[in-house]
Amino acid sequence: MTDRLYLVATSPRLPAGLLSWACWQVLRSAPVYAAADGPQVAAVRASGVDVTVLVGDPAAQAAQLRDRARDGGSAAWLAGPEGDEQFARALGLRVAREGGAELELVHGSWDPPGAALLSAVAVMDRLRSPGGCPWDAEQTHDSLMPYLLEEAYEAYGALEDGDLSALEEELGDVLLQVLFHARLAEELPEDERWSIDDVAAGLVAKLIRRHPHVFGDTAVSGAAEVHANWDAIKLAEKARTSVTDGVPLSQPALTLAATLLHKADKAGLVVDLPTGDDLGARLLALVSEARAQGRDPEVELRSVAREVRDRIIAAERA
């Protein structure tokens, strides 16, 4: 008779005990073993299934599990949060060497899209909490301000370079800043406190409100109408009295000038721009000229600046 061995893998990012029906069938049909007690083991025991902890190193545990399923028997191994890779390798080698058993991997639960964000939140909390990182413990919203801009620019630079591999890493650094500020906000006085969950919930609510053509009954003819609806909904939400409300004056001057002109154009406003020999006025006129040609002045200047950078490097090498 063929012995049956089951390796039950679960996601540590989902609540313990939230397991598939196929997993529960295995756990209720075979003796269950594990390397150590933990939340998942406790949840399975609470459901009425006994779990026995096997002592020893992974190789010894694999040998014990194999022995307990001999002569047509069965046994299930409830893997820990890290997957018990060394145990699985030892058991697989033993079964391949001895024969007489079938080894089946059972997915009790698996990560849904975005589940790794839970790990990122947990790591950030560990860094900031007592006993974590001394540097992280000293940071404030103000001290982190330069990093938010720096990481955003590095992500922008990866896009300029067309380096999508670098973009993946840089977006992680941007996410770190979001997580860090949200973690700091959890330490505010109770009436001012908010968390990463509040940030995410606010974003979800905003996306639903501003996409009535997806989440409601509004019909649209194309992307232009979607954009117009977005602006109208945003204006109603913010109760703004000027098209310039919400335009951050702290952004780079070239982008600021282009944004203000864009806002005026969208509102159908005719604005008399400053004129004269003043350098600022001349720069503003160039921004207006670029917009009239459908070109982004920030992108144009950055492109030329990058070319200058390359020429400087070439001159240095020469």
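Since this is a predicted model, take the numbers as computed values, not measurements.

Caption draft 1: Local environment of the sheet that holds strand β5 (residues 101–107). Taken together, 5 strands build an open sheet; the order of strands is β3-β2-β4-β1-β5 and the sheet is parallel. On the outer flanks of this sheet lie β3 (51–53) and β5, each paired with one strand and no other. Between one strand and the next, the sheet's axes are offset by a mean angle of 25 degrees, whatever the strand orientation. Sitting on the sheet, helix α1 (residues 21–29) is in contact with β1 (3–9), β2 (32–34), β4 (74–78) and β5, with an inclination near 130 degrees to β1. Of the strands in this sheet, β1, β4 and β5 are in contact with helix α4 (residues 85–98), which crosses β1 at around 160 degrees.

Caption draft 2: Here's a closer look at the packing of aromatic side chains. Inspection of every chain in the model, using the stated rule, returns 3 aromatic pairs. Each ring, one from Trp77 and one from Phe87, has its centre 3.8 Å from the other, and the planes form 15 degrees; the classification is stacked. Of this pair, Trp77 sits in strand β4 while Phe87 sits in helix α4, placing them 10 residues apart in sequence. An identical accessibility class is assigned to Trp77 and Phe87; each is buried. Relative to Phe180, the ring of Trp135 lies with its centre 6.4 Å away and its plane at 70 degrees, an arrangement referred to as edge-to-face. One end of the pair, Trp135, is in helix α6 (residues 134–138); the other, Phe180, is in helix α8 (residues 164–185), and 45 residues separate them in sequence. Members of the aromatic cluster, joined through ring pairs, are Trp135, Tyr147 and Phe180.

Caption draft 3: Quick peek at a nonpolar patch on the surface. A contiguous nonpolar surface patch, about 370 Å² in accessible area, is contributed by Leu117, Leu175, Val178, Trp194 and Val199. Positionally, Val178 belongs in helix α8.

Procedures and definitions
- Residues numbered from 1 in each chain as written.
- Predicted model: local features only at pLDDT ≥ 70, side-chain atom pairs only at ≥ 80, totals over all residues.
- Heavy atoms only, no water.
- Pairing = 2+ DSSP bridges.
- Helix = DSSP H or I, 4+ residues; strand = E, 2+ residues; numbered from the N terminus.
- Axes fitted to C-alpha atoms, helices over the stretch in contact; angles between N-to-C directions.
- Contact = heavy atoms within 4.5 Å.
- Phe/Tyr/Trp six-rings, centres within 6.5 Å; stacked < 30°, edge-to-face > 60°.
- Buried < 20%, exposed > 50% of the residue type's maximum accessible area, 1.4 Å probe, protein only.
- Patch = residues over 30% accessible without salt bridge, like charges linked within 9 Å, V, L, I, M, F, W, Y side chains within 5 Å.
- Areas by Shrake-Rupley, 256 points an atom, 1.4 Å probe, with all protein chains shown as cover.
- Salt bridge = Lys/Arg side-chain N within 4 Å of Asp/Glu carboxyl O.

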